[in-house]
Amino acid sequence: MFRSRSWFGGGWGRPKNLHSLEHLKYLYNVLSRNQTVSEHNRGLLVETLRSIAEILIWGDQNDSSVFDFFLEKNMLSFFLRIMRQRSGGSNYVCVQLLQTLNILFENIRNETSLYYLLSNNHVNSIIVHKFDFSDEEVMAYYISFLKTLSLKLNAHTIHFFYNEHTNDFPLYTEAIKFFNHPESMVRIAVRTLTLNVYKVEDASMIAFIRDRTAAPYFSNIVWFIGKHIQELDICVRNEADHHSQNRLADLVAEHLDHLHYLNDILCLNITDLNHVLTDHLLHKLLIPLYIYSLASHRRKSSIPEGVNHTVAKILSKTSAGPDSPRLQDPTTGRVSCVVALFLLSQVFLIIAHSPLVQTLACIILRTDRTVFEKGVNKLLEHYELEKKLLDESLSDEASGLSSKESSSSKEMLVEDLRNITDEEKEKLAKNPCDSVVTEKPFLETVYSALDCSENDYAALFALCLLYAMANNKGVTSDVLEQALKPKKSFISKSSSKDIKYSYNVYLLEKLLSIISSACQPTCRVRLATLEVSLKLILQLVICDGKNILLEPHRQVIESVKSQSMALLRNFYKSEEIFLDMFEHEYCDMSKSSLNVEWLCMDSAILLPPTGTPMTGIDFIKRLPCGESEKARRAIRLFFLMRNAVLTLNGEMETQLPLTNPQSCVQIEQALDLNNSDLIACTVLYKDGMKMRRFLVIDVMQLILVEPDNKRLGWGVAKLVGFLQDIEVSGDKDDSRCLHITIHRPISGATTNRVPLLSAKFLFDDNIRCMAAKQRLTKGRIKARQKKMQHIARLLEIPGQSGPPSPAFTGQGMYGFRLASRNIRDSRPLFGNSRVPGFAAPKRESSPGVLHRADDSRRHRDGNSPNRLSSVKKEPNSAITSNNIRKEMRSRENSSSRTKSRDGSPRMPRPRSEEIPLELIKKGPSSFIDMAPKISILPRPQTPRSEDEPSISSAAALSNLSVSEPVQPKTENIVQTSAISVETSFIGDKKPDKIKEDVDTV
């Protein structure tokens, strides 16, 4: 009559406490009454199973009687009975059942409770149950359940899963059936499970895996990886236009997962398993598919349609096309040369198992063409024989046996493994084109790929392979010496001080050719290629902390550095944001150097080099696009070459970064502000907060200070920003306000430059506001100019010699006034900086004319135009000292009359005081009537020709008017770097005429 709305069919008899033994008993009664799954009760069963899992987890931590009742009633048998039913709702209930078991085993912490659950072999019965794996939910929860069980494996629990008497291990054998499942989540779960199994130290279980499953399982893995690699190769060939990068990225990521999985197995150091796995990898994957593909580029191939000529030339392949049946047999198939180089780079970067990588390195660096043509099996047999004989020879040398006792064939093989002889090693270094290199097909392919005449597509992979081999810990130094690392040998056996260093000259010249090509304006060498090349060069020529570079090669590197500087000079000041680009690129490169392992994880480098940023490829992995990116590339090129040269010379960087933060004023730093220019202001923040501060403008910084309560005349910096990073704008409504934005300095910590401060500054009056705006604007310009001058000195631009700018040294106005400072004269608010149109002090080294405002003197001198000529003709004429003093006093009086008050702005000279050009060019007979007229002084320290009489000091003080301007003699003009801002009128001497140098003030 009354029907309950709950799954449990009513509230009578149901305990109120859900987490209790009584509630578990109630749920057991529900399962007992619903042992047959149907469409009507499947929801009830699902809710019952979920509630049972909750109670068991609670009982594991609070009440042990819960598990006692669970085992007493053998409730796992109900689970099995439900799973084995084939009714309409069985899959729905199986999903909940697997989820319940997964949650249960994942959350149980008590070992006793775990043993109770694993007893009676019910868990193994659930594992081997034939679920409907076509249902994705069933598959997902089943594989997750198996992985959770594997996490509980240890030396004690392994016996619940592995039955030594029946020689059965269902947890492992059922899981590895899904190693090649289409879903990546399932494949990853299988790898995790197998690793958890291998970690358990149980000899009988390891023996079972080795004898029963290792060979077929590893063989299937190798076959699957080989098939996967050929799919990747086809994708590289068909996606040369960057249309579908996602598929290629997935294939590369899957290959990386395979390599990491294999490396994890090898790192467990289980000798039996490692031997089986290494043997399968060498015989069926790495040598036949990876290494032998390096030599297949010499054969004619059929390139798929849609691949351009350049890509086809690089992606040469064997005669088997993409649709050939060879794809189904990875052992006989081949991949393109660039794909093989890329995959081998990943192998050496990830796997460090010495027996495996040592064999691969020896085969690549030392395999002879005669052995190569015999096939994979003969190649490995030859290597094993060489290794055996080498070990025997080393043991014979250790026991003191003479080398004559060895057989001739043994000596020949040992010498071949050691690169034959030292003479032939040097021959390999000095004469690389000889038969010593050409007879090594794999090494010859790697060296040939270093050619960057067209592009660096294959060169980048060859460099990555060489770098990976040189830095693999599993490859011994005797294999790498002379080939990829410097060799150290003792000249005399009695003394260890006489050491001879040598390196692979041929490889170094290849690398030098790459970096030299990278410095050409029209090159197609990417920055990643250049950086890996420099890494290899440093590893090749630095031994025991010493630079063993030969002088010709050192000169080449210095020349390449000069080329990089010359290339960057082309962009100096060509871009308005050159300074910001320079600092940003330096900060970006200072974060970390290029990681070759991360580079080889990027699938984008497998596609031909592109120059468009729309592909989403990183800047260093593609070619530059546009002038701005070319400037960025030139900047990075300069930094790389500069760092390489400093490293080779054993020097530290002392000129970069342009701004040294440690030497600048910091926040909360006390400053001595006595006799300093301070502008009081009120900072109005956008949130309405107001703060009274004093504005201090240093050479490179803007500082907001508040008075120090402890010391009079001192202030505490509350906000510091660089002048180069400020933006200043006036307020249209209030002439006393400025809107100032201070951007954060460029740093390697972040790329998002959020403004450090963006607020309104209110000054006491409009005069102080105008003064602050002028000083901030000029300070920003000067700060940027000083940094640009610093860059110019780094680039060795002519005319930019001198000490480093205050931006680097930190010698600002307040940089040295922190603890104590010397008393100096006060500096006025308005500095005496020169402005176009203002009077400028006379400089002896700067040519120009000296304007004088002495009407009487000009009038008097204008009536005697031949006075200077008479002085030159009579250099020893009597001029009394009184006249000299009179002339000097007259000059002082006239100059003092024109001097303005110190600290006040100077007014520009009226246009009427300037000399019209047409009046200067008039002939000697024309009369010049100017008011006021111009007095003329000869320029001091002006060199004269030998036939020209010198002018005495008294004659130099004589003032004469211009009678006739003449053309100057170029050989008598001294060029100076400092040019006056005033107009220069320079007269020179013609025959029987006056030569005068006039300085105008």
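None of the values given here were measured: they were computed from a predicted structure.

A. How the structure looks around the overall build of the chain. A count of helical and extended segments in the chain gives 38 helices and 14 strands. Sequence-distant contacts in the chain: of pairs separated by 6 or more residues, those separated by 24 or more amount to 70%. As displayed, the chain offers around 50,200 Å² of accessible surface, 51% of which is attributable to carbon and sulfur atoms.

B. Summary view of the pattern of salt bridges. Per the counting criterion, the structure on display carries 34 salt bridges. A salt bridge links R210 to D272, with the nearest nitrogen and oxygen atoms 2.8 Å apart. Highlighted residues: R210 in helix α12 (residues 203-238) and D272 in helix α14 (residues 271-291), separated in sequence by 62 residues. By relative accessible area, which is 33% here, D272 ends up partly exposed. Linking D734 and R736 is a salt bridge whose minimum nitrogen-to-oxygen distance equals 3.5 Å. Connected via shared salt-bridge partners are E585, D588, K591, R632 and R636.

C. Examining the packing of aromatic side chains more closely. The tally for this structure, following the rule as stated, stands at 31 aromatic pairs. Arranged with centres 5.8 Å apart and planes meeting at 50°, the rings of F638 and F639 form a pair that is tilted. The class of F639 is buried, set by a relative accessible area of 7%. An aromatic cluster is present here, built from Y162, F169, Y172, F179, Y198, F208, Y217, F218 and F224 joined pairwise through their rings. Here the basic side chain of R42 rests over the ring of Y92, its NZ or CZ set 4.4 Å away from the ring centre. The residue whose ring lies beneath R81 is F78, and the NZ or CZ to ring-centre distance is 5.2 Å.

D. Focus on unusual backbone geometry. With omega at 5°, the peptide bond leading from L656 into P657 counts as cis. When you line up the elements, P657 lands in the loop between α31 (626-649) and β5 (670-672). If you check the backbone angles, N74 has positive phi at about 50° while not being a glycine. Here N74 lies in the loop between α3 (65-72) and α4 (76-83). Classification of N74 as partly exposed rests on a relative accessible area of 28%.

E. The environment of A458, seen in detail. Within the element layout of this structure, A458 appears in helix α24 (residues 457-470). Under the relative-accessibility criterion, A458 is labelled buried at 16%. Taking the C-alpha atoms as reference points, A458 and V338, separated by 120 residues in sequence, lie 5.6 Å from one another.

F. Broad picture of the packing of helix α16 (residues 337-350) against α24. Contact geometry of α16 with α24 gives a least axis separation of 8 Å together with a crossing angle of 25°. Taken together, the axes of α16 and α24 are roughly parallel relative to one another. In this structure, the crossing between α16 and α24 has a hand that is left-handed. Facing V338, L341, F342, L344, S345, F348 and L349 of α16, the residues of α24 in contact are Y457, A458, F461, A462, C464, L465, A468 and M469.

G. Representation of α14 in the model. When the terminal C-alpha atoms of α14 are compared, their 25 Å separation across 21 residues is substantially less than the 30 Å that a helix rising 1.5 Å per residue should span. The largest bend in α14 comes to about 50°, at L282. Burial analysis of α14 places 15 of its 21 residues in the buried class, which makes it a mostly covered element.

H. Structural context of the packing of helix α26 (residues 505-518) against helix α28 (residues 551-569). It is the contact of α26 with α28, at a shortest axis distance of 10 Å, that shows an interaxial angle of 10°. On the basis of their axis angle, the class for α26 and α28 is roughly parallel. When α26 is examined against α28, the residues V505, L508, E509, L512, I515 and S516 are found in contact with a partner set consisting of H553, V556, I557, V560 and Q563. Residues of the contact of α26 with α28, tallied by class, amount to seven nonpolar, three polar and one charged.

I. Quick peek at helix α6 (residues 111-118). Of the residues making up α6, those classed as buried are S113, L114, L117 and L118. Buried residues along α6 cover an arc of 135° about the axis, so they all sit on one side. Of the residues flanking the start of α6, the one acting as N-cap is N110, its side-chain oxygen 3.0 Å from the backbone nitrogen of T112.

J. Looking closely at the sheet that holds strand β7 (residues 690-697). Across the sheet, eight strands lie side by side as β5-β9-β8-β7-β6-β12-β11-β10; this open sheet has antiparallel pairing. Each edge of the open sheet is held by one strand with a lone partner, namely β5 and β10 (726-730). Across this sheet, the average inter-strand angle for adjacent strands is 40°, counted without regard to direction. Judged from the seven bridges that link them, strand β11 (residues 737-743) and strand β12 (residues 755-763) form a sheet pairing that is antiparallel. Looking at the pairing, T741 lines up with S758 of β12.

K. Molecular detail of the side chain of D708. Looking at the element boundaries, D708 is found in the loop between β8 (701-707) and β9 (714-722). The exposure class of D708 is buried, given its relative accessible area of 16%. Among all residues touching D708, those that are not within four sequence positions of it are A670, W714, G715 and V716.

Rules and cut-offs
Residues numbered from 1 in each chain as written. Predicted model: local features only at pLDDT ≥ 70, side-chain atom pairs only at ≥ 80, totals over all residues. Heavy atoms only, no water. Helix = DSSP H or I, 4+ residues; strand = E, 2+ residues; numbered from the N terminus. Contact = heavy atoms within 4.5 Å. Areas by Shrake-Rupley, 256 points an atom, 1.4 Å probe, with all protein chains shown as cover. Salt bridge = Lys/Arg side-chain N within 4 Å of Asp/Glu carboxyl O. Buried < 20%, exposed > 50% of the residue type's maximum accessible area, 1.4 Å probe, protein only. Phe/Tyr/Trp six-rings, centres within 6.5 Å; stacked < 30°, edge-to-face > 60°. Lys NZ or Arg CZ within 6 Å of the ring centre and 35° of its normal. Axes fitted to C-alpha atoms, helices over the stretch in contact; angles between N-to-C directions. Parallel < 35°, antiparallel > 145°, perpendicular 65-115°, else oblique. Left-handed = near helix turned anticlockwise from the far one by under 90°. Expected span 1.5 Å × (residues − 1). Bend = angle between axes of the 7 residues up to and from the residue. Nonpolar A, V, L, I, M, F, W, Y, C, P; charged D, E, K, R; others polar. Arc of directions from axis to C-beta. Polar contact = N/O pair within 3.5 Å; in protein donor to acceptor, adjacent residues only side chain to side chain. Pairing = 2+ DSSP bridges.

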